[in-house]
Amino acid sequence: MTLAVASLPNNTDTYIILIASGNYTEQVNVTRRGPTYLLGQTAHPTSQSYNTVNIIWAAIAVTGLDNAYTSTLTVAPNLNASLTGSGPTGFAVPAGTPFGCTDFRTYNINFINDFAPYSDDPSLALSISYANGGFYYTGFYSYQDTVYVGKLGSAYIKNSEVAGETDFFYGFGTAWVENTSISLRSCGGGITAWKGTNTTFPNAYGIYIVGSNVHAANSSLNITGKCALGRPWNSQMRSIFAYNYLDKSILSTGFIDWNPSRYNNYTLQAEYKDYGPGYNVTGREISKFDVQLTPQEWAKYSSPQKVFQYPDGQFGNTNWIDWSV
């Protein structure tokens, strides 16, 4: 079944689209600026595990093409804004690139990139850049680079599930992930890999995973003590895990470095009050790449209002978040 959605006017009107139950073979590309909400048909609107709408694509990054071409769902004003920098020309969004969707949302939909049942180069399920996106009761499934949050991208993921194996949260925008199932399909690289950015204003760009459940995808996996929380895509990586349950899959020392090394004094790979069998106190104490935040240090990042920014650097860019979920 193919998802047939008519081209929407690129204006500021609000569009709400209900998608009937089914499996759709499609890449979805949202470029319009106005609020756009995709709702999946379901009898259980407050449970992601009962989703009946699956949007499926199968693609992997190949030599000469940017990772952006692989994504099942892309939210960005144009192709240039969505590029990850993996192609032959590197990364340079042209000056004057407009901001895209100011308020994009999905409810009760699964986005799947099932090119291969293992990590075999980037295969994105979500790509969001120059846009604000809220994802509720939504599933994102791949193996490598499942969720990409690019330049000026803001992603709020709640009551959802994200599955992967290698660097499956990555980017250089801002992502807040809360009360979500982080499903480890195996271990490769890290769960997170972020790239910090120099700006003329203080920024909090990074990945924040809060109050979530980090666990093996199934009991047959032999990954006890093997999965790292993350590794630095560049030396300015900011990745924080706070208040999460960590199962026994997690490496005793938490985070790791890249190879060759990228970790330095500018890198923030941190935890705050994580718990569970994957939180090894002794291992964290000897870790070279994992910082345990104090209450004062965590307070700086402790809510979406403190990390989501407008393009000019002002904090508090949250009026697009559905707080009722």
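Residues numbered from 1 in each chain as written. Predicted model: local features only at pLDDT ≥ 70, side-chain atom pairs only at ≥ 80, totals over all residues. Heavy atoms only, no water.

Caption draft 1: Expanded view of the pairing of strand β8 (residues 110–113). With burial as the criterion, each face of β8 is covered, one bearing N110 and I112 and the other bearing F111 and N113. Where β8 lies against strand β11 (residues 139–141), three bridges are found, and the strand directions are parallel. For I112, the partnering residue across the bridge sits in β11 and is Y141. (Buried < 20%, exposed > 50% of the residue type's maximum accessible area, 1.4 Å probe, protein only. Helix = DSSP H or I, 4+ residues; strand = E, 2+ residues; numbered from the N terminus. Pairing = 2+ DSSP bridges.)

Caption draft 2: Inspection of the sheet that holds strand β7 (residues 104–107) at higher detail. The 10 strands are arranged β1-β4-β7-β10-β13-β16-β19-β21-β23-β24 in an open sheet whose pairing can be described as parallel. Taken across any chain shown, the strands that pair with only one partner, and hence form the sheet edges, are β1 (15–19) and β24 (291–292). Note that strand β16 (residues 174–178) and strand β19 (residues 206–210) share five bridges and pair parallel. Note on β19: the bridge partner recorded for W176 is Y208.

Caption draft 3: Molecular detail of the UniProt feature "domain: Pectinesterase catalytic" (unreviewed entry) in the protein. Here, the residues flagged by UniProt with the feature "domain: Pectinesterase catalytic" (unreviewed entry) are residues 103–302. For the annotated span residues 103–302, helix accounts for 6% and strand for 38% of the residues, and the straight-line distance between the end C-alpha atoms is 22 Å. (UniProt positions renumbered as here; feature names shortened; annotations may be inferred.)

Caption draft 4: View of the state of the cysteines. Under the defined criterion, the tally for this structure stands at one disulfide. The disulfide partner of C187 is C227, and the S-S distance across this bridge is 1.7 Å. When the S-S torsion is -70°, as for the bridge of C187 with C227, the disulfide is left-handed. With C187 in strand β17 (residues 181–188) and C227 in the loop between β20 (213–216) and β21 (238–242), the pair connects residues that are 40 residues apart, well separated along the chain. (Disulfide = S-S within 2.5 Å.)

Caption draft 5: Region of the structure containing the nonpolar core. Within the largest apolar cluster, 45 residues are counted, with the highest numbers of intra-cluster contacts made by L73, F135, F140, F169 and I191. The residues touching I191, leaving out its near neighbours within four places in the chain, are D167, F168, F169, I182, L184, V214, A228, L229, G230, F241 and I250. One finds W176, A242, F308 and I321 within the second-largest nonpolar core, a separate group that totals 21 residues. (Core = buried A, V, L, I, M, F, W, Y, C linked by side-chain atoms within 4.5 Å. Contact = heavy atoms within 4.5 Å.)

Caption draft 6: Just empty space enclosed by the protein, in detail. Under the definition given, this model contains three cavities of 30 Å³ or more. There is about 80 Å³ of room inside the largest cavity. Together, F99, N132, L152, G153, S154, G173, T174, Y205, Q309, Y310, P311 and N317 line the largest cavity. Here the lining of the largest cavity is composed, by residue class, of five nonpolar, seven polar and no charged. (1 Å grid on protein atoms, 1.4 Å probe; cavity = no way out; pocket = protein on both sides within 12 Å on 5 of 7 lines; lining within 4 Å. Points joined across faces, edges and corners; volume = space filled by probe spheres on them. Nonpolar A, V, L, I, M, F, W, Y, C, P; charged D, E, K, R; others polar.)

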